[in-house]
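# Results of the structural survey
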Amino acid sequence: MSSLLEIKDLRIRFQSKNRLQALLDGDSDPFIDAVCSASLKLNSGETLALVGESGAGKTTLGRAIIGLNQPQEGSIRFQGQELTRLPDRAFKAFRRNIAMMFQDPVGSLSPRLRVRSLITEPFKIHKIQVKDLEAEAERLLNLVGLPPSFATVYAHQLSGGQARRIGVARALALSPKLIIADEPTAGLDVSVQGEILNLMNRLQEETGVSFLIITHNLNVVRHISHRMAIMYLGRFVEYGLTDDIFAQPLHPYTLALLSANPSPDPDQPKSELQLEGEIPSLLKRPTGCEFHPRCPFVRPDCSRITPVTSSPRAGHSLACHYPLLKD
Ligand SMILES: Nc1ncnc2c1ncn2[C@@H]1O[C@H](COP(=O)(O)OP(=O)(O)OP(=O)(O)O)[C@@H](O)[C@H]1O
Ligand code: SF4
Ligand SMILES: [Mg+2]
């Protein structure tokens, strides 16, 4: 499989308060690193899931790929082309191949537009001439399993599941190579979640599209992703094949996340590990291993020495001094 997207050592900084406020609050720096040293590879036809607690930097990373956040350092290569230093016009040509489904599908759909306009809007945005918009809308509705009559429905009349399907149809309009889906199943009933995941799986089989899924829901990750990256305070603490990580998480944070979200499979062993403590502020990152104040396996040197990223097996990386290797 060829590599579609390759991100290396990405760093995205934001100013979180003004300098005076930072001084008054005793912060040495008013900037935060929402994403730091993030590296990943996504192959054509594959799905990668980004997981981590709220504020981990998942959406920030996704937005950087479509040019909505500017990285301060690092590289984003798409089909071999470096995107971070591309002039606007050239970037737009690549941008057509990447679609984003935003976090709040109903809120991101204009309520007064009909479905036909919503799903064919990408053609207008990218100034692409289409002979028959009506036929194009019908094709897209068909792809996501909705009847042609939906073309005349208004966005505010859609149920959560239908809005999500319309979001998928809109994302598919320009036949992208990559779809970034931010929380594609949030707020849906479990049965509707399953329908959306099955739809995404089917579309991947039919079109070879790659997905970058951003989610809190580990059942979604297990169901749909080939690889997963676990983010903590903007860094990837573990990255590898989803099956390997679910079978044997090596980083204590991964284990804690998986334990907080027990498998529906009764044959899977249950773990009692609880994730305790507050997520630290990005303005006051812990020293050494940044997970150490919450880590159930912490040892004395963890608060002093920053773990380097190691690769315990091919295609798997993690940043921990004491991986949870089985004896
Ligand atoms: N434009 C911005 N300006 C300043 N800070 C920002 C901006 N965008 C994001 N942040 C901060 O960057 C950090 C990462 O935010 P991000 O939205 O990427 O997290 P997330 O992992 O997607 O969280 P969630 O699961 O809640 O959606 C947060 O501390 C957030 O407040
Ligand atoms: S380096 Fe230490 S504190 Fe950090 S995750 Fe590993 S065991 Fe826990
Ligand atoms: Mg987010």
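Quick summary incoming for the structure in this document. (Residues numbered from 1 in each chain as written. Chains lettered and ligands numbered in written order. Predicted model: local features only at pLDDT ≥ 70, side-chain atom pairs only at ≥ 80, totals over all residues. Heavy atoms only, no water.)

### Quick word on the environment of Y154
- Tracing the chain through its elements places Y154 in the loop between α6 (133-143) and α7 (160-172).
- Along the backbone, Y154 and N18 are 136 residues apart, and their C-alpha atoms lie at a distance of 42 Å.
- Filtering out sequence-adjacent residues up to four positions away, Y154 remains in contact with P111, R112, L113 and R114.
- At 3.0 Å, the side chain of Y154 forms a polar contact with the side chain of R114. (Helix = DSSP H or I, 4+ residues; strand = E, 2+ residues; numbered from the N terminus. Contact = heavy atoms within 4.5 Å. Polar contact = N/O pair within 3.5 Å; in protein donor to acceptor, adjacent residues only side chain to side chain.)

### Some thoughts on the site of ligand 1
- The local shell around ligand 1 holds 14 residues, among which S54, G55, K58, T59 and T60 are the closest.
- Starting from 640 Å² of accessible surface for ligand 1 in isolation, the protein chains cover 64%.
- Elements with a contribution of two residues or more to the shell around ligand 1: β2 (31-43) and α2 (58-65).
- Among the elements that line the shell around ligand 1, the one with the most residues is α2, at 3 residues.
- Among the residues forming the shell around ligand 1, the class breakdown is 5 nonpolar, 7 polar and 2 charged. (Near = heavy atom within 4 Å. Areas by Shrake-Rupley, 256 points an atom, 1.4 Å probe, with all protein chains shown as cover. Nonpolar A, V, L, I, M, F, W, Y, C, P; charged D, E, K, R; others polar.)

### Considerations on the site of ligand 2
- In the vicinity of ligand 2, the contacting residues are H251, P252, C289, F291, H292, C295, F297, C302, C320, H321 and Y322.
- For the shell around ligand 2, the per-class residue count stands at 8 nonpolar, 3 polar and no charged.

### Comments concerning the packing of aromatic side chains
- Counted by the stated rule, this structure contains 4 aromatic pairs.
- Relative to Y239, the ring of F236 lies with its centre 6.5 Å away and its plane at 10°, an arrangement referred to as stacked. Here F236 and Y239 have matching classes, each one buried.
- Cluster of aromatic residues (ring-pair linked, three or more members): Y232, Y253 and F291. (Phe/Tyr/Trp six-rings, centres within 6.5 Å; stacked < 30°, edge-to-face > 60°. Buried < 20%, exposed > 50% of the residue type's maximum accessible area, 1.4 Å probe, protein only.)

### So, the environment of I305
- Among the secondary structure elements, I305 is positioned in the loop between α11 (252-260) and β11 (310-313).
- Expressed as a C-alpha distance, the spacing of I305 and R89, which sit 216 residues apart in the sequence, is 45 Å.
- When neighbours within four sequence positions are excluded, I305 is seen to be in contact with G288, C289 and H321.

### Details of the sheet that holds strand β5 (residues 81-82)
- The 4 strands are arranged β2-β1-β4-β5 in an open sheet whose pairing can be described as antiparallel. Either end of the sheet is taken by a strand with one partner, and the two such strands are β2 and β5.
- Where strand β4 (residues 73-78) meets β5, 2 bridges bridge the pair, whose relative direction is antiparallel. If you follow R77 over to β5, its bridge partner there is E82. (Pairing = 2+ DSSP bridges.)

### Focus on a nonpolar patch on the surface
- Together, L20, L23 and L24 give the surface a local cluster of nonpolar side chains, amounting to about 380 Å² of exposed area.
- Its place among the elements puts L24 in helix α1 (residues 19-25). (Patch = residues over 30% accessible without salt bridge, like charges linked within 9 Å, V, L, I, M, F, W, Y side chains within 5 Å. Salt bridge = Lys/Arg side-chain N within 4 Å of Asp/Glu carboxyl O.)

Just geometry here; none of it tells us what the structure is for.
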